[in-house]
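Each chain, written out:
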Amino acid sequence: MNDAVAIVLFDSVLAYAPYKNATFSAVGFLSCVGEFFLTFIGSFLIGTFTGLLTSMITKLTRLCDFPTMETSLFFLMSYASFLLSEAAGFTGIVGILFCAITQAHYTSRNLSKESRTRVFELFETLNFLAENFVFSYIGLFLFTYDGHIWRPGFIVCSFLAIGIARLVNVFPLAGLLNVGLRQKIPCKFQLMMWWAGLRGAIAFALAAEYSEGEPRRIILTTTLVIVLATVLVNGSTTTTVLELLRIRVGITEDTETDHIINELAQKNVGDEDLHALQEQSGLGEIGWRFLKADYNYLVPLFTIEGQTTQKSVPLVWSTGKVAHF
């Protein structure tokens, strides 16, 4: 999500270029804001639509009998969300991000066990190859690019600005989230989120894309230094910081949301059960209502699990105590 927002913000700043002059341009600023929301919302809609379309295809067909075709469809529809977003003038990475979120929540429930394993291994391999390629390229770029412009003062100020910006981003937002959460985000988790803010491939790619002129080459060199420093220092010390803060690692349990939905689907939920599940989820009232709406309407609509889940839904609705569910 951070990378997606960074790309959209970058495109929004570029939209201000025609208005650049010695004074502030209100028209240019509004153009940037409009570009941000238009790009983000457009990419979100395309990605979500593609993900839901994949869910319906896998639900209404017998592709589960053909694991190779099912895996190929999953992969190609994911890539299609990227291409559609780019073709529409939006951002492909944001589109594919929300497509992936939708597919993980709905489409994956429709896949056969074999296809699920294949998809997981395929994307794990692609992720590993992409990360190795990108960081190999960054290391090669550091020593082969002859247009570096080193400004030590600017680099130090950039480090300070990034640290302060992340500080005033993580802690206030976590505090706002804690207002509506039953299970609060501990201070040590917030500190870990601040420390683990790595600047990687996307920041470097955006800086390298527009590197004409001295100011942009200064930004490119500074970005490269920040990427390497945060990956080497923050990345290599992540495990140590986790141990110092006594944060558990290596947890392999299912996500809370999936666990709660499974609990709801497996039995006739009564009033006490609902209260216990809400306490276990740690969600506030709004989040809990969305989870229930997802269970009652979206999961049955877009997944084959809904065909069995729907049998328990009328029982939930018929219980007088939980008629609001």
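Residues numbered from 1 in each chain as written. Predicted model: local features only at pLDDT ≥ 70, side-chain atom pairs only at ≥ 80, totals over all residues. Heavy atoms only, no water.

> Explain the overall build of the protein to me, please; I cannot follow it from the model alone.
Along the backbone of the protein there are 15 helices and zero strands. Out of the 325 residues belonging to the protein, those deemed buried represent 34%. Long-range contacts, defined here as pairs at least 24 residues apart, represent 71% of the contacts in the protein between residues at least 6 apart. When the accessible surface of the protein is split by element, carbon and sulfur atoms take 68% of a total near 19,300 Å². (Helix = DSSP H or I, 4+ residues; strand = E, 2+ residues; numbered from the N terminus. Buried < 20%, exposed > 50% of the residue type's maximum accessible area, 1.4 Å probe, protein only. Contact = heavy atoms within 4.5 Å. Areas by Shrake-Rupley, 256 points an atom, 1.4 Å probe, with all protein chains shown as cover.)

> Explain the environment of Asp-3 to me, please; I cannot follow it from the model alone.
Along the chain, the position of Asp-3 falls in helix H1 (residues 2–14). A residue is classified by how much of its surface remains accessible, and Asp-3, at 44% relative accessible area, is partly exposed. A sequence separation of 199 residues divides Asp-3 from Ile-202, and the C-alpha atoms of the two residues are 6.3 Å apart.

> How do you make sense of a nonpolar patch on the surface when you look at a structure like this?
Residues Phe-24, Phe-29, Leu-30, Val-33, Phe-37, Ile-41, Phe-44 and Leu-45 make up a contiguous nonpolar surface patch of about 810 Å² in total accessible area. The class of Leu-30 is exposed, set by a relative accessible area of 58%. (Patch = residues over 30% accessible without salt bridge, like charges linked within 9 Å, V, L, I, M, F, W, Y side chains within 5 Å. Salt bridge = Lys/Arg side-chain N within 4 Å of Asp/Glu carboxyl O.)

> How should the packing of helix H3 (residues 67–87) against helix H5 (residues 113–144) be read in this particular structure?
Geometry of a packed helix pair, given as the angle between the helix axes and the separation of the axes. Interhelical geometry of H3 versus H5 gives an angle of 45 degrees and a closest axis separation of 9 Å. One element, H3, and the other, H5, form an angle in the oblique class. Crossing of H3 against H5: the hand is right-handed. Contacts between H3 and H5 involve Pro-67, Thr-68, Glu-70, Thr-71, Phe-74, Phe-75 and Ser-78 from the first element and Glu-114, Ser-115, Arg-118, Val-119, Leu-122, Phe-123 and Leu-126 from the second. (Axes fitted to C-alpha atoms, helices over the stretch in contact; angles between N-to-C directions. Parallel < 35°, antiparallel > 145°, perpendicular 65-115°, else oblique. Left-handed = near helix turned anticlockwise from the far one by under 90°.)

> In this structure, what is going on with the side chain of Thr-221? I would like to understand it.
For Thr-221, the position within the fold is in helix H9 (residues 214–236). On the accessibility criterion, Thr-221 (0% relative accessible area) is buried. Within the structure, the side chain of Thr-221 is placed 3.2 Å from the side chain of His-148, a separation counted as a polar contact. (Polar contact = N/O pair within 3.5 Å; in protein donor to acceptor, adjacent residues only side chain to side chain.)

> I'm lost on the packing of aromatic side chains in this one. Help?
Any aromatic ring pair is given by two values, namely how distant the centres are and how the planes are angled relative to each other. Taken as a whole and assessed by the stated rule, the structure comprises 14 aromatic pairs. Between Phe-36 and Phe-37, the aromatic rings sit 5.4 Å apart at their centres with planes inclined by 85 degrees, giving edge-to-face as the arrangement. Considering the side-chain rings of Tyr-137 and Phe-204, the 5.9 Å spacing of their centres and the 65 degrees angle between planes classify their relative orientation as edge-to-face. Here Tyr-137, found in helix H5, pairs with Phe-204, found in helix H8 (residues 201–209); they are 67 residues apart in sequence, far enough to count as distant. Among the residues examined, Tyr-137 registers a relative accessible area of 39% and is labelled partly exposed. An aromatic cluster is built from Phe-36, Phe-37, Phe-40, Phe-44 and Phe-98, whose rings are joined through pairwise contacts. (Phe/Tyr/Trp six-rings, centres within 6.5 Å; stacked < 30°, edge-to-face > 60°.)

> Can you walk me through the nonpolar core in this structure?
When a protein is soluble and globular, its nonpolar side chains tend to lie buried together. Ile-138, Phe-141, Phe-204, Ala-207, Leu-220, Leu-224 and Val-227 together form the largest nonpolar core, which totals seven residues. Elements that contribute at least two residues to this core include exactly H5, H8 and H9. Of the residues forming this core, the biggest block, three residues, is contributed by H9. Not counting residues up to four positions away in its chain, the partners in contact with Phe-204 are Tyr-137, Ile-138, Phe-141, Leu-220, Thr-223 and Leu-224. In terms of nonpolar packing, the next biggest core, distinct from the first, is built from six residues, Ala-4, Val-8, Phe-36 and Phe-40 among them. (Core = buried A, V, L, I, M, F, W, Y, C linked by side-chain atoms within 4.5 Å.)

> What should I look at first to understand unusual backbone geometry in this one?
Trans peptide bonds make up most of the peptide bonds, and negative phi angles are found at most residues other than glycine. A positive phi angle, near 60 degrees, is found at Arg-246, a position not held by glycine. Relative to the elements of secondary structure, Arg-246 occurs in the loop between helix H10 (238–244) and helix H11 (256–266). We classify Arg-246 as exposed; its relative accessible area is 72%.

> What is the right way to look at the pattern of salt bridges in this model?
Here the idea is simple: oppositely charged side chains can pair when their charged atoms come close. Applying the stated criterion across every chain yields a total of four salt bridges. The partner of Asp-65 in a salt bridge is Arg-62, and the shortest N-O contact between them spans 3.3 Å. Relative accessible area serves as the criterion here: at 45%, Asp-65 is assigned to the partly exposed category.

> Would you explain the confidence of the model for the protein in this entry?
For residues with low pLDDT, the predicted coordinates do not support detailed interpretation. For the protein, the mean per-residue pLDDT works out to 80, and 80% of the residues sit at or above 70. Across the protein, element-level confidence peaks in H3 with a mean pLDDT of 94 and bottoms out in helix H15 (residues 313–318) with 33. A low-confidence stretch, residues 308–325 (pLDDT under 50), is modelled with 32 contacts involving residues beyond four sequence positions or located in other chains. (pLDDT = per-residue confidence, 0-100.)

> What is the right way to read the side chain of Glu-70 from this model?
Its location among the elements puts Glu-70 in helix H3. As a buried residue without a salt bridge, Glu-70 has its nearest oppositely charged side chain in Arg-116, at a separation of 7.8 Å. There is a polar contact of 2.5 Å between the side chain of Glu-70 and the side chain of Ser-115. In this view, Glu-70 contacts Leu-63, Cys-64, Asn-110, Leu-111, Ser-112 and Ser-115; residues no more than four positions away in its chain are not counted. (Lys, Arg positive; Asp, Glu negative; His and termini not counted.)

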